[in-house]
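What follows is each chain in one-letter form.
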Amino acid sequence: MKQRTKQPKNSDYYIRQVSGGLNGAVQGSPTIIGANVLCNCVGYANGRFNEIINDPNLDGIEKRFKYQLVCNAENFIESAKRQGLKIRKTPTLGGIMVWQRGATLDGYDGAGHVAVVEQINADGSIITSESGWGGFAFKRIKRTNLNGRWGQSSAYKFRGCIINPSVKSSPASKPNLKSVSVVAQEVIDGKWGTGSDRKSRLTAAGYNYNEVQNKVNEILSKKKTAPKVVTYTVKKGDTLSSIAKRYGTTYQKIAKDNGIKNPNFIKVGQKLKIKK
């Protein structure tokens, strides 16, 4: 699949049908000359999806622009299914990623967002091409799924990806995952959230939640049981017994931990490691 790296211009895929083009979407805002479905994520994704499918040997709007996805962005999933397209829970090359905005799909609390997957990287990140109503005509954006929403804010929910039937495979679609130990430490550091949010984010990123959580518990258990070691410098008048009493241990243990053969003989200035 040839990636789109520049803003489209004078392409029928990004010009409205009422203007002589192929795209059934509404006029973008602000409107781009030579691509008047922009700025609008719906018009762009509708055009780009069909542009990827295009066979230059075919004629007629039904063949060159087979799928018309011209509803609110968050409703692309339903529109795609009605047209016989399949959906995946993860990004697929050439597919349309769909986000819901707000708690409903009725458009009253937001129309959602869509973007087209141009590249899937070995580290699990992706590159999308997209447009934004009232904002930008074209951008390529690198997205990761650390927040479980592929980079969108908390106002959005990722619904899935519409599979592009002309793209048969996704190069490097299997991410190089971090080791369980590394991810577990990130969980402990608070980088993956808590509760059900943590579980959904880890699962979406390709990790086995139970495996990671077990490692988290293992690490935390070791931290709790690991003895705290302090270094004490022997002062005049100290004995192992008096030092042991001060730290809540025994003189025999201090002697053993420090390799002292005669517990009655210690020197002023001597460094002792005391495990509490």
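A brief look at the structure comes next. Owing to the predicted nature of the structure, the values given are computational and were not obtained by experimental measurement. (Residues numbered from 1 in each chain as written. Predicted model: local features only at pLDDT ≥ 70, side-chain atom pairs only at ≥ 80, totals over all residues. Heavy atoms only, no water.)

1. Notes on helix 7 (residues 240–247)
Cut-off, in case you're wondering: Each residue is placed in one exposure class: buried if its accessible area under a 1.4 Å probe, protein chains only, is under 20% of its type's maximum, exposed if it is over 50%, and partly exposed if it falls in between. Helical segments are the DSSP runs of H or I of at least four residues, strand segments are the runs of E of at least two, and each set is numbered from the N terminus. By construction, the arc corresponds to the directions joining the helix axis to the C-beta atoms. Contacts are residue-level and defined by heavy atoms, with any inter-residue pair within 4.5 Å sufficient.
Residues Leu240, Ile243 and Ala244 constitute the buried set of helix 7. Here the buried residues of helix 7 occupy an arc of 100 degrees about the axis, which is enough to place them on one side. Considering only its buried residues, helix 7 is in contact with strand 7 (229–233), helix 8 (251–257) and strand 8 (271–275). Where helix 7 terminates, the next one or two residues include Gly248, which has phi positive at roughly 70 degrees.

2. Comments concerning the packing of aromatic side chains
Basically, it comes down to this: Only the six-membered ring of Trp is used, alongside the rings of Phe and Tyr, when aromatic pairs are assigned; centres must lie within 6.5 Å, and planes under 30 degrees apart are stacked while those over 60 apart are edge-to-face, with the rest tilted. By definition here, charges over rings are those cases where NZ of Lys or CZ of Arg is within 6 Å of the ring centre and within 35 degrees of the ring normal.
Summed over all chains, the structure comprises 7 aromatic pairs. When the centroid spacing of 5.6 Å and the interplanar angle of 25 degrees are considered together, the rings of Tyr14 and Tyr44 count as stacked. Pair noted here: Tyr14 is in the segment before helix 1 (41–53) and Tyr44 is in helix 1, with a separation of 30 residues, a long-range link. Put simply, the rings of Tyr14, Tyr44 and Phe138 touch in pairs and so form one group of aromatic residues. Across from the ring centre of Phe136, 4.6 Å away, lies the NZ or CZ of Lys139, which sits over that ring.

3. Observations regarding the nonpolar core
Keep this limit in mind: The definition of a nonpolar core used throughout is a set of buried Ala, Val, Leu, Ile, Met, Phe, Trp, Tyr and Cys residues joined through side-chain atoms within 4.5 Å.
Core analysis: the largest hydrophobic core is formed by 42 residues, its most contacted members being Phe76, Ile96, Met97, Val114 and Ile162. Listing elements by their share of this core, those giving two or more residues are helix 1, helix 3 (76–82), strand 2 (96–101), strand 3 (113–120) and strand 6 (156–162). The element contributing the most residues to this core is helix 1, with 6 residues. Discounting residues that sit within four places of it in the chain, Val114 has contacts with Cys41, Val42, Ala45, Ala73, Phe76, Ile96, Met97, Val98, Trp99 and Glu130. If you look at the next biggest cluster of nonpolar residues, it comprises 12 residues, including Val230, Val234, Ile260 and Ile266.

4. Some remarks on the pattern of salt bridges
Opposite charge on two side chains makes pairing possible when the charged atoms of those side chains draw close. For clarity, the cut-off: By convention in these notes, a salt bridge is any Lys or Arg side-chain nitrogen within 4 Å of a carboxyl oxygen on Asp or Glu.
On inspection of all chains with the given rule, the structure shows 10 salt bridges. With its nearest N and O atoms 2.8 Å apart, the salt bridge here joins Arg48 to Glu118. Taken together, the positions of Arg48 in helix 1 and Glu118 in strand 3 put the pair 70 residues apart, joining distant regions of the chain. Taking the shortest distance from any N to any O, the salt bridge between Asp197 and Arg201 comes out at 3.5 Å. Taken together, the positions of Asp197 and Arg201, both in helix 5 (residues 195–204) and 4 residues apart, correspond to about one turn of that helix. When its relative accessible area of 32% is taken as the criterion, Asp197 is described as partly exposed. Salt bridges linked by common partners bring Arg4, Arg48, Glu51 and Glu118 together as one network.

5. Thoughts on the environment of Val42
Structurally, Val42 can be placed in helix 1. Taking the C-alpha atoms as reference points, Val42 and Ser221, separated by 179 residues in sequence, lie 50 Å from one another. In this structure, Val42 is in contact with Leu69, Val70, Cys71, Asn72, Ala73, Phe76 and Val114, ignoring residues within four places of it in sequence.

6. Overview of the sheet that holds strand 6
As a reminder of what qualifies: Note: two strands are recorded as paired if DSSP finds a minimum of 2 bridges between them. Every axis in this analysis is a line fitted to C-alpha atoms, fitted for helices over the stretch in contact. Angles between the N-to-C directions lie between 0 and 180 degrees.
Taken in spatial order, the 6 strands line up as 1-6-2-3-4-5 in an open sheet, and their pairing is antiparallel. In this open sheet, the two edge strands, each paired with only one partner strand, are strand 1 (87–88) and strand 5 (139–143). Along the sheet, helix 1 makes contact with strand 2, strand 3, strand 4 (126–130) and strand 6, crossing strand 3 at roughly 40 degrees.

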